[in-house]
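# Structural description and commentary
Spelled out from the first residue to the last, the chains are:
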Amino acid sequence: IYRITLHPLSKIPGPLLNCISSWPDFFSAASGDRHVRLWQLHEIYGPTVRIAPNRVSTNTIAAFKSIYDARANVQQGPLYRTFIASNRGRVDLLDSEGEVHSRKRKIISRAFSEKGLRLKEDSIIEHQNTWLEEVTKTLQDGGDHEAGHMWTAPVNMSEWLPYLTTDIVGEVGFGKSFELTTNKRFRFLPQAFKGLVTTNFMVGHLPPTLQSGLNSVLKSPIMSLVIPPEVLNFDKFTNELISERVAQELSESPATAFEKGNDDFVTLFRDEDGGLSTSSIDEIKSEATTLLVAGSDTVSTAISGLLFYLTHNPRCLEKLNVEIRSRFSTVVDIRRGYELSGAKYLRACIDETLRMSPPTPGYLGRSVLEGGITIDGQYFPAGVELGAPVYALHHNSDYYPRPNDFLPERWLQEIDGKPRAEVISQDPALARAAFAAFSTGRHGCAGKEFAYLEITLFIARLVYQYNIQLADDEKKRSVGEGQGPYGPWGSRIRGHFQIQDHFTGNGYGPWIQFRRR
Ligand code: HEM
């Protein structure tokens, strides 16, 4: 009764069950569809909704800016304590606060600086070339180069792209390619990432009393009896990976390492004297898990989504083909620089994909600190959890007219030489302001520029060299799409790439075929 009468959040609208118990939000998180459920709640209850006794969701730009502002009076919410627990009590960049966070962030940001990106470009391209060679090796049954029938067999992007993005993050982050693309040995990794985030996401949404109990269990060795084998293998894998890389690093003087252009996370964590102390090594281990997951899962979901939307919207694919094929005269020229950053339609397609099916689609909760915070004119006291869920913001029709249509044009000032206003009633500045795919503020994505580079190079080099199409097999064509008129509200549109929200989001498909131009 207290929770719906005298509680400081009692005036905030929301379903009665959510206001009195944390279980409905837990079940929503466990289902993988919490992002859609939050969108539904905003459609019903308006911009501010109480989604659990002590948890509020908002879907306005002002709230998004205030909650995630670098100086906002908040800290990472309870979910992040579960991340710490499952990382054996070690605190990493994503879970840390204050000075610890600033120091870690400074180190990790060096990897994604202008110089860092320049150093990594060759490696990204090399991995993408290997991947393309591998997935285009098998022609469809009856395929015959001579006869001009050269479509490859359909390839499941959400199975194959994680191999590529894991290879890339391994190479640039830890100086070691895992070679998932060409070798089956480490192909358990993407499943392990998924298992780990899904478990953490569920535990992190249990009612508070149960959660703190389970967090202690997560830290204890007894967990190794119940943790799925691929997650245990992952733990062993990161420990061995870092130990091996550290031994190699220590065999080189700091000057040699930097001269050789080593700028992975191991080199970056050297202290001012060039040493690598035991605490730094422990710190690298704690960062490894986050970086491997944050840097691979997200990018593969983004590229899968983009291939889904391009093959479902032939008009957009055609425009993109024309843009890329007319800007470059050879694939070798497709690198960072003026021509690639001038490919505005490509960037608009990427942003529209990240809007429609964001790889981190959900509610990134923040706990209000002593002194409280005012959001959209409303005061929230210390202890309340606040968040502006990415998917709900991205489908808010006040900011994005026709929110379920894939319209890259909404991001452009000029469309085919005509002022944008004549083509679509979308203010690109408003679209930009409500864009939350990478979040913002102190914990905003550290790898944003790296992610754009990876996706841009991949798509530009792909469409320059290949024609692509959705699998011609009826069953495979529908993988990844919405469920049609009988599916749940918010998941019905066939042309909408569906994702599951487990903190990072995963999709299924699309199955794509390639044909060399
Ligand atoms: C399309 C791709 C990506 C998307 C949509 C994305 C999105 C995000 C979001 C929303 C956050 C904030 C999470 C939170 O507040 O809980 C975040 C944080 C982070 N991301 Fe990304 N990310 C992407 C790619 C990458 C890549 C490629 C890397 C690195 C290789 C990376 C590294 C990080 C790190 C280290 C953080 C934590 C930052 C901090 O807490 O200070 N991300 N990302």
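### Comments concerning unusual backbone geometry
- The amide bond that connects glycine 509 to the next residue, proline 510, takes the cis arrangement and shows omega of -5 degrees.
- Within the fold, proline 510 resides in the loop between strand S13 (504–507) and strand S14 (511–516).
- Of note, the phi angle at glutamate 179 is positive, near 55 degrees, even though the residue is not glycine.
- Topologically, glutamate 179 is positioned in the loop between helix H9 (157–174) and helix H10 (189–203).
- With relative accessibility at 41%, the residue glutamate 179 sits in the partly exposed group.
- Non-glycine residue serine 439 carries a positive phi angle of around 55 degrees.
- Inspection of the secondary structure assignment puts serine 439 in the loop between helix H20 (428–433) and helix H21 (448–465).
- Since its relative accessible area comes to 18%, serine 439 is described here as buried.

### Focus: the pattern of salt bridges
- Here the structure, examined in full by the defined rule, presents 17 salt bridges.
- Between arginine 71 and aspartate 69 there is a salt bridge; the shortest N-O distance is 3.9 Å.
- A relative accessible area of 71% places arginine 71 in the exposed class.
- Judged by relative accessible area, which is 30%, aspartate 69 ranks as partly exposed.

About the cut-offs
- Within every chain, residues take consecutive numbers counted from 1 along the sequence as written.
- With pLDDT at 70 or above as the cut-off, local features in this predicted model cover only qualifying residues; side-chain atom pairs require 80 or more to be listed or tallied, and sums for whole chains, interfaces and linings still use all residues.
- Computation of side-chain values covers all heavy atoms of the structure but excludes hydrogens and water.
- For helices the rule is a DSSP run of H or I covering at least 4 residues; for strands it is a run of E covering at least 2, with both sets numbered from the N terminus onward.
- Only protein chains enter the area calculation, which uses a 1.4 Å probe; residues under 20% of their type maximum are buried, those over 50% are exposed, and those in between are partly exposed.
- What makes a salt bridge here is a side-chain nitrogen of Lys or Arg within 4 Å of a carboxyl oxygen of Asp or Glu, nothing more.

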